[in-house]
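# Per-entry structural report
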Amino acid sequence: MKLVFATNNAHKLEEISSILGDKIELLSLKDIGCHEDIPETADTLEGNALLKSSFIYRNYGLNSFGDDTGLEVEALGGAPGVYSARYAGGEGHDSQANMRKLLCELEGVENRKARFRTAISLILDGKEYLFEGIINGEIIKEKRGDSGFGYDPIFKPEGYEQTFAELGAEVKNEISHRALAVKKLAQFLKEIEE
């Protein structure tokens, strides 16, 4: 089965490709000649995921899925949430600036509970299916580790002493929010193939 993953993020493509395995031919936006920046203007993760998947289906006629992920910090009322990638403002995804801002806002705050949440919108033959993955954890006080991306150096998942950035791709791909959502997607695709 061919599926377009509505992203050009190499980290995400690699992560998801390793979870889906070789039964799914995963195509990126670049692979289908889509060079547009699909706007993420919804105010929910599910809404942004749907904007991506429906854009591909509508404009290219291909089955596709899009995702959106947010870091939700309890003490900040769920922020940065849908604005996680652009939390510090400015253009693009400045992970260092985003982490600095978050750590600054949590200065002196005892409750450091947080969770990563991923929403995946799959459009298959014109019908939408939603999948969600959540991993709970906490925001530590300073960055640790150098693998991963985004907020990985300051997020310590529940049940682990290391941050996502210290755990490495192999462990992260087993336990992460995105991994959980993609495993649900993979299970669904496997069931409809049978």
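These numbers were taken from a predicted model, which means no experiment stands behind them.

When you go through the protein chain residue by residue, the secondary structure sums to five helices and seven strands. Its helices and strands in sequence order give the protein chain the pattern β-α-β-α-β-β-α-β-β-β-α-α, from N to C terminus. Residues classed as buried in the protein chain amount to 46% of the 194 residues present. Working note: accessible area of the protein chain is about 10000 Å², and carbon and sulfur atoms make up 47% of it. Between the mean site of the 23 positive side-chain charges and the mean site of the 34 negative ones, the protein chain shows a separation of 1 Å.

Inspection of the entire model under this criterion finds six aromatic pairs. Taken together, a centroid distance of 4.6 Å and an interplanar angle of 45° make the contact between Tyr129 and Phe188 tilted. One end of the pair, Tyr129, is in strand β6 (residues 127–139); the other, Phe188, is in helix α5 (residues 177–193), with 59 residues separating them in the sequence. Tyr129 sits in the partly exposed class, given a relative accessible area of 24%. Put simply, the rings of Phe116, Phe155 and Phe164 pair up and form one aromatic cluster. Over the aromatic face of Tyr87 sits the side chain of Lys101, whose NZ or CZ is 4.4 Å from the ring centroid. Here the guanidinium or amino end of Lys172 rests over the ring plane of Phe149, the centre of that ring lying 4.4 Å away.

Another aspect to go through is the UniProt feature "binding site: Mg(2+)" (unreviewed entry) in the protein chain. Mapped onto this structure's residue numbering, the UniProt feature "binding site: Mg(2+)" (unreviewed entry) falls at Asp68. With respect to the secondary-structure elements, Asp68 resides in strand β3 (residues 64–73). Asp68 sits in the buried class, given a relative accessible area of 6%. Side-chain polar atoms of Asp68 contact the side chain of Asn48, separated by 2.9 Å.

Take the pairing of strand β5 (residues 113–124) next. When you tally the buried positions in β5, you get ten out of twelve residues, the bulk of the element. Looking at chain direction, β3 and β5 are connected through ten bridges and run antiparallel. Counterpart to Ser64 in the pairing with β5 is Ile123. Bridge count between β5 and β6: twelve bridges; the pairing is antiparallel. Across the sheet, Arg115 pairs through a bridge with Asn136, a residue of β6. The antiparallel pairing of β5 with β6 creates a hairpin that spans two residues between the two strands, and Asp125 there sits at a positive phi of about 50°.

With respect to the secondary-structure elements, Lys12 resides in helix α1 (residues 10–20). For Lys12, a relative accessible area of 11% corresponds to the buried category. Non-local contacts of Lys12, meaning those with residues more than four positions away in its chain, are made with Phe5, Thr7, Lys52, Asp67 and Arg178.

Here we come to helix α2 (residues 45–60). Counted at 1.5 Å a residue, the expected span for α2 with its 16 residues is 22 Å, and the 23 Å between its end C-alpha atoms agrees. In this structure, the buried side of α2 is in contact with β1 (2–5), α1, β3, β4 (80–81) and β5. Phi turns positive, to about 65°, at Gly61, one or two residues after α2.

Turning to the pattern of salt bridges, a few remarks are in order. Under the definition given, this model contains twelve salt bridges. With its nearest N and O atoms 3.3 Å apart, the salt bridge here joins Asp67 to Arg178. Here Arg178 lies in helix α5 and Asp67 lies in strand β3, a separation of 111 residues in the sequence. Judged on exposure class, the residue Asp67 and its partner Arg178 are both buried. The salt bridge involving Glu72 is made with Arg115; its shortest N-O contact spans 2.6 Å. Taken as a pair, Glu72 in strand β3 and Arg115 in strand β5 lie far apart in primary sequence, 43 residues in all. The exposure class of Glu72 is buried, given its relative accessible area of 14%.

The rules we used
Residues numbered from 1 in each chain as written. Predicted model: local features only at pLDDT ≥ 70, side-chain atom pairs only at ≥ 80, totals over all residues. Heavy atoms only, no water. Helix = DSSP H or I, 4+ residues; strand = E, 2+ residues; numbered from the N terminus. Buried < 20%, exposed > 50% of the residue type's maximum accessible area, 1.4 Å probe, protein only. Areas by Shrake-Rupley, 256 points an atom, 1.4 Å probe, with all protein chains shown as cover. Lys, Arg positive; Asp, Glu negative; His and termini not counted. Charge placed at Lys NZ, Arg CZ, Asp CG, Glu CD. Phe/Tyr/Trp six-rings, centres within 6.5 Å; stacked < 30°, edge-to-face > 60°. Lys NZ or Arg CZ within 6 Å of the ring centre and 35° of its normal. UniProt positions renumbered as here; feature names shortened; annotations may be inferred. Polar contact = N/O pair within 3.5 Å; in protein donor to acceptor, adjacent residues only side chain to side chain. Pairing = 2+ DSSP bridges. Contact = heavy atoms within 4.5 Å. Expected span 1.5 Å × (residues − 1). Salt bridge = Lys/Arg side-chain N within 4 Å of Asp/Glu carboxyl O.

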